[in-house]
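Listed here are the chains, written in short residue letters.
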Amino acid sequence: MSKSKASKPKRLSVNEAYRFCDLSKLGFNTTEEIEACEDFIGQKRAVDAIYFGLGIESRGYNLYLAGPPGVGKTSVIRSILSKIAKDKPTPPDWCYVYNFQDPNTPKALSLPTGMGKVFKKDMEDLVENLRNNIPRAFESKEYEEEKQRIINETQKQKGLLFEELQKKASELEMQVQFTPTGIVTIPLFRGRPITQEEYNMLDEFHKEDIRKRKEKIDEEVTEVFKKVRNLEKEAMDKLKELDKRVALFAVSYVIDGIREKYKSFPEIIDYLDMAQKHILENIEKFLPEKGEVPPFPFKLPQQKPTFTEYQVNVVIDNSNTKGAPVIFEPHPTYTNLFGSIEREARFGVLVTDFTMIHAGSLAKANGGYLVVEALDVLKYPFVWDSLKKVLENEELRIEDVYQQYGLMSTVGLRPEPIKLNVKVILTGSPLLYYLLYAYDEDFMKLFKVKADFDSVVDRTDEMLSQYACFVKSICDKENLKQFDRSGVEAVIEYSSRIAGDQNKLSVQFGAISKIIREANYWANVDGKNKYVTRKHVERAIEEKIYRSNMLEEKIQELIAKGIILVDTEGAVVGQINGLAVYNLGDYSFGKPSRITCETFMGTEGVVNIERKANLSGNIHNKGVLILSGYIGSKYAQNKPLSLSASLCFEQSYELVEGDSASAAELVAIISSLSGVPIKQGIAITGSVNQKGQIQPIGGVNEKIEGFYHVCKIKGLTGEQGVIIPHQNVQNLMLKKEVLEAIKEGKFHIYPVQTVDEAIEILTGMEAGERKPDGQFKEGTVNYLVDKRLKEFAEEFRKLARQRQGKTGENETEEH
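What you are looking at is a predicted structure, and each value in this text was computed from that prediction instead of being measured.

Draft legend 1. The arrangement of helix α18 (residues 509-526) in detail. With 18 residues, α18 should reach 26 Å at 1.5 Å per residue; the first-to-last C-alpha distance of 25 Å fits that figure. Of all the positions in α18, only F509, I512, S513, I515, I516, E518, A519, N520, W522 and A523 are classed as buried. Tucked inside the fold, the buried residues of α18 contact α16 (461-477), α17 (485-499), β19 (504-506) and α19 (534-548). Positioned one or two residues after α18, G527 has a phi angle of 70°, which is positive.

Have a look at this one:
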């Protein structure tokens, strides 16, 4: 039987394997000749969503900027906010002052922009003036005279009372003596004081007389003491009233000026009234210390009056803010975001007061915008739940987190809440957005605007112009060398490589900016060019790869030594080179993997050895199951499928995932069944469906380059290449050395649409179509497969009849 040769397959040209960039239409030679870009490159959908979210004032319209890292989420929101915020009204200042009615609940006062520190200075000046004026008022001649008059009048009245007491004592023949310990009454007998011995010698009549006289004088002494105490109390009240009048005059003279200044702020007027009352009740704090003798042999440390009660803690000062505040919080811990109440050690005890209240980012952003990374908010304890409460209630409480959650029962400050009006903008990954939306019912209520950032844009002429402007912007902003046109073209081509599409450009500007900086470095090292050229950009890319591809080189070394078995020449039945991608985070590379298949008669179908060994992922398992559907549909329409096929990734010791090897696995099965060998110099990648159509896969550039490097190590023959799905042609942006090999005819890329096309390339033999009679054309691969499966089915039927016959004989013998 003669074999039918396959038709000549399509091979891709260099221009199909790489889309070169030509910026000659833009009419510039270097980036010095163009303007830096001011607008955003791409991201129209995200930008429109941001403007909508920032513009709408309704409750709950906070924003979530969703996109992969490096697409410019922070740069875009920073730029937009800088334009919007400057035209917004500047929010008021917020202060905390002492609460004279409830010291543990400091009062929050709102003042117009810039008035907070003015009010603070006014209260400092008030205290300073009172500390000078009050002592001066109490040192005046009028005050001393009035004070002395009250004291003298009291002493005079006390003297009259004691004279009256002496007179009554004389009438009762009693003597009154004043001692340091009080008043002592002594009976008189015959005109002179009587001693205890003389008293004991008296008869009962005289003793009784003396006792009665003593009781009467004691009653008089008690009455005099009552009157003296009342006189002293009246004197003290008069002195206090005098002090109050003098202090009120001194205080009101100073505080009335502040009242007039803040008469349009009722809360401040109420505070000043309470402050004045407190000052008058504690006027001694403003007077000089009296030199008192300490009750101990040593002097205890005493804290001087601080007048903290009259201070103003300006927690939010917007005096230097132009427009609405824009706060970016890079480290959103609880205290950084919501504020804190500090403590200090005094005599071994931690104490605090309202002056130790400090605002966090939310308070500073009040009336404006707060931008924070979503993952950081979720990472720190208590932050996410507290943020939701703040946004729901539209008020901010600065308090100790342990007190808020009931973890500490000690008495502490609970400042009054601050009214909050802030737009919170979270930035994060799309996955995190979907998780929050699905599992946190409050999230959808509070973050109603999603701004989706794409990672790629269309490669249009307009976008090429904007990309050139972007390169110019980076050069100007970071003081780098300017790029010539070839350098910009190389950057754009690298952008398409990152995007994985000839018709797209990556907007992951973090990666693009990195290459621009590194190309500038190599241009400086070169020192021969005034501008950064294509050569420098290509070297930057090569050096970046070299810093990360050590593992790739070690694997290639193992292949070269024959430790990892990969053939790039000859032909083998049931053996094919599949392609896999290894992702190391900052670098991805392709590696060929030998896939083998052994087929034999049976009923197990396609057996995936990786699955049996628990080394196969779900997607790979699905891909293998699809193969059974294809084989049954194509070859088992007129006969049962009596097949067992064992598939294996040789020398694979880790999990195999993905369906990009299903085309290779199917070809290996067909080769094993037909007995037609597969060319080992051609690798294949692509998934397959039950109809035999080849479907696109990811990482096509890395896979092709990985096989190319192995072929290069083992020696290029001009017959080697890679079969890829035709849909992946637009994704090709291959390395320069692969393009040169394609140009020189040393390496080839074959796009295919069906499994039959791949079979013909890999075997050099016609795949074969089914004829109207249901048979495949003789001398084709499919004919050989069909023939082999018929043989399996026939043999299986014979064995089944033999087993049935033996079973019948055994039953007859038993009867």
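Draft legend 2. Examining the nonpolar core more closely. Formed by 81 residues in total, the largest nonpolar core has its most connected members in Y64, F119, I134, Y310, F338, L362 and L426. With 10 residues, the top contributor of residues to this core is helix α7 (residues 204-261). Not counting chain neighbours up to four residues away, the residues in contact with L426 comprise L63, Y64, L65, V372, A374, V377, W384, F443 and F447.

Draft legend 3. Inspection of the pattern of salt bridges at higher detail. Inspection of every chain in the model, using the stated rule, returns 45 salt bridges. A salt bridge links D440 to K388; its shortest N-O distance comes to 3.0 Å. Of this pair, D440 sits in the loop between α14 (430-439) and α15 (443-446) while K388 sits in helix α12 (residues 383-393); the two residues are 52 residues apart in sequence, bridging distant segments of the chain. The residues D440 and K388 share a single accessibility class, namely buried.

Draft legend 4. Region of interest: the sheet that holds strand β2 (residues 93-97). On the basis of which strands lie adjacent, the open sheet formed by three strands has the order β3-β2-β7 and antiparallel pairing. For this open sheet the edge positions go to β3 (107-111) and β7 (312-316), each flanked by a neighbour on one side alone. Within this sheet the neighbouring strands show an average axis-to-axis angle of 30°, counted without direction. Bridge analysis of β2 against β7 gives four bridges, and the strand direction is antiparallel. Its bridge partner being in β7, W94 is matched across the sheet by I316.

Draft legend 5. Layout of the sheet that holds strand β1 (residues 63-66). Pairing within the open sheet is parallel, and its five strands lie in the order β8-β13-β16-β1-β17. A strand with exactly one partner marks an edge of an open sheet, and here the two such strands are β8 (326-329) and β17 (449-452). Direction aside, the axes of adjacent strands within the sheet are offset by 20° on average. Relative to strand β13 (residues 369-373), β8 runs parallel, the two sharing four bridges.

Draft legend 6. Representation of the side chain of Q575 within the structure. Topologically, Q575 is positioned in strand β21 (residues 575-583). Owing to a relative accessible area of 9%, Q575 belongs among the buried residues under this scheme. At 3.3 Å, the side chain of Q575 forms a polar contact with the side chain of D567.

Draft legend 7. Quick peek at the environment of L23. With respect to the helices and strands, the residue L23 is situated in the loop between α1 (14-17) and α2 (44-55). L23 gets classed as buried once you look at its relative accessible area, which sits at 1%. When the C-alpha positions of L23 and S628 are compared, they lie 51 Å apart, and in sequence the two are 605 residues distant. With near-sequence residues (within four places) excluded, L23 lies in contact with F28, L464, R485, V488, E489 and I492.

Draft legend 8. Molecular detail of the pairing of strand β30 (residues 747-752). Of all six residues making up β30, six are buried, and the element is well covered by its neighbours. Every second residue of β30 is oriented toward a common face, with F747, I749 and P751 on one face and H748, Y750 and V752 on the other, all of them buried.

Draft legend 9. Geometry of the packing of α2 against helix α3 (residues 73-85). One way to put it is that α2 packs onto α3 with a least axis distance of 11 Å and a crossing angle of 40°. Considering their axes alone, α2 and α3 lie oblique with respect to each other. Judged by the sense of rotation from one axis to the other, the crossing of α2 with α3 is right-handed. In this structure, α2 uses V47, I50, Y51 and L54 to contact α3, whose residues at the interface are V76, I77, I80, L81, K83 and I84. Of the residues contributing to the contact of α2 with α3, the split by class is nine nonpolar, no polar and one charged.

Draft legend 10. Highlighting helix α24 (residues 700-714). Under the 1.5 Å per step criterion, the end-to-end length of α24 is 22 Å for 15 residues, consistent within 8% with the ideal 21 Å. For α24, a buried count of 12 out of 15 residues is recorded, marking the element as mostly surrounded by other parts of the structure. Residues of α24 that are buried include every one of V700, N701, E702, K703, I704, E705, G706, F707, Y708, H709, V710 and C711, and no others. Phi turns positive one or two residues past the end of α24, at G715, with a value near 110°.

Conventions adopted
- Residues numbered from 1 in each chain as written.
- Predicted model: local features only at pLDDT ≥ 70, side-chain atom pairs only at ≥ 80, totals over all residues.
- Heavy atoms only, no water.
- Helix = DSSP H or I, 4+ residues; strand = E, 2+ residues; numbered from the N terminus.
- Expected span 1.5 Å × (residues − 1).
- Buried < 20%, exposed > 50% of the residue type's maximum accessible area, 1.4 Å probe, protein only.
- Contact = heavy atoms within 4.5 Å.
- Core = buried A, V, L, I, M, F, W, Y, C linked by side-chain atoms within 4.5 Å.
- Salt bridge = Lys/Arg side-chain N within 4 Å of Asp/Glu carboxyl O.
- Pairing = 2+ DSSP bridges.
- Axes fitted to C-alpha atoms, helices over the stretch in contact; angles between N-to-C directions.
- Polar contact = N/O pair within 3.5 Å; in protein donor to acceptor, adjacent residues only side chain to side chain.
- Parallel < 35°, antiparallel > 145°, perpendicular 65-115°, else oblique.
- Left-handed = near helix turned anticlockwise from the far one by under 90°.
- Nonpolar A, V, L, I, M, F, W, Y, C, P; charged D, E, K, R; others polar.

Honestly, that's just the spatial picture; any functional story needs more than this.
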